[in-house]
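Descriptive analysis of the structure
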Amino acid sequence: TKLQNQIQKQTTNKEKSSNQLTEIRSKFEDAGEIVRLQNQIQELTTTLNERDETINTLQTSFAEVKTDLQVSRKSSNQSMTSIQQAEAEITKLQNQIRKQTANKEKSSNQLTEIRSKFEDAGEIVRLQNQIQELATTLNER
C-alpha cells in the first residue's frame, strides 16, 4: 500500500511535470515570430533613421528657401511671381516635414510596441532553464 501510494504520487508528479513542460513548450512555438519581430525592429529602426535624415534635409531646404524668400522680399526688383513660387515651395516643404514627422512618430510607436513584447527576455531564459530542469526530472523518473 505504501509502495502503491508512492507510485501514485510519482505518477501524479510526472503528469504535473509533463503538463508543465507542455505548457512551457507551447510558449515557445512562436520562435519564428520572435525572429520576425526582431527583424521588424531592425527594419523600423532603419526606417526611423532614414526619416530622421529626410526630416533634416527637408528642414535645411526649408531654411534655405525661407532665406531666399526673405532676400526676395527685400529686393525691389524681384517679381511677385517668384515670391509666390517660393512661398508655395515653403508650404510644400512644410507639408513634407509634417508628413515625415507623422511617419516617424508612427514608426517610433510601432518600435516601442514591438520592444515591449521583448521586455520579458529574462522570463524566456528562466522558462528555458525550467524546461531543462523538468526534462531532466522527467528523464530521472
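Since this is a predicted model, take the numbers as computed values, not measurements.

**Quick word on the nonpolar core**
Of all hydrophobic cores here, the largest spans nine residues; its members are Leu 58, Phe 62, Val 65, Leu 69, Ile 83, Ala 86, Ile 90, Leu 93 and Ile 97. Elements supplying a minimum of two residues to this core: helix H2 (31-74) and helix H3 (80-116). Of the residues forming this core, the biggest block, five residues, is contributed by H3.

**Structural notes on the pattern of salt bridges**
Enumeration over the complete set of coordinates arrives at one salt bridge. Of the charged contacts, one joins Lys 104 and Asp 52 as a salt bridge, the two residues approaching to 2.7 Å between their closest N and O atoms. One end of the pair, Lys 104, is in helix H3; the other, Asp 52, is in helix H2, and 52 residues separate them in sequence. Residue class for Lys 104 comes out partly exposed when judged on its relative accessible area of 31%.

**Side note on H3**
In a regular helix each residue adds 1.5 Å, so 37 residues correspond to 54 Å; H3 covers 54 Å between its end C-alpha atoms and thus fits that length. Along H3, the positions that sit buried rather than exposed are Ile 83, Ala 86, Ile 90, Leu 93, Ile 97, Gln 100, Ser 107, Leu 111 and Ile 114.

How each quantity is defined
- Residues numbered from 1 in each chain as written.
- Predicted model: local features only at pLDDT ≥ 70, side-chain atom pairs only at ≥ 80, totals over all residues.
- Heavy atoms only, no water.
- Core = buried A, V, L, I, M, F, W, Y, C linked by side-chain atoms within 4.5 Å.
- Buried < 20%, exposed > 50% of the residue type's maximum accessible area, 1.4 Å probe, protein only.
- Helix = DSSP H or I, 4+ residues; strand = E, 2+ residues; numbered from the N terminus.
- Salt bridge = Lys/Arg side-chain N within 4 Å of Asp/Glu carboxyl O.
- Expected span 1.5 Å × (residues − 1).

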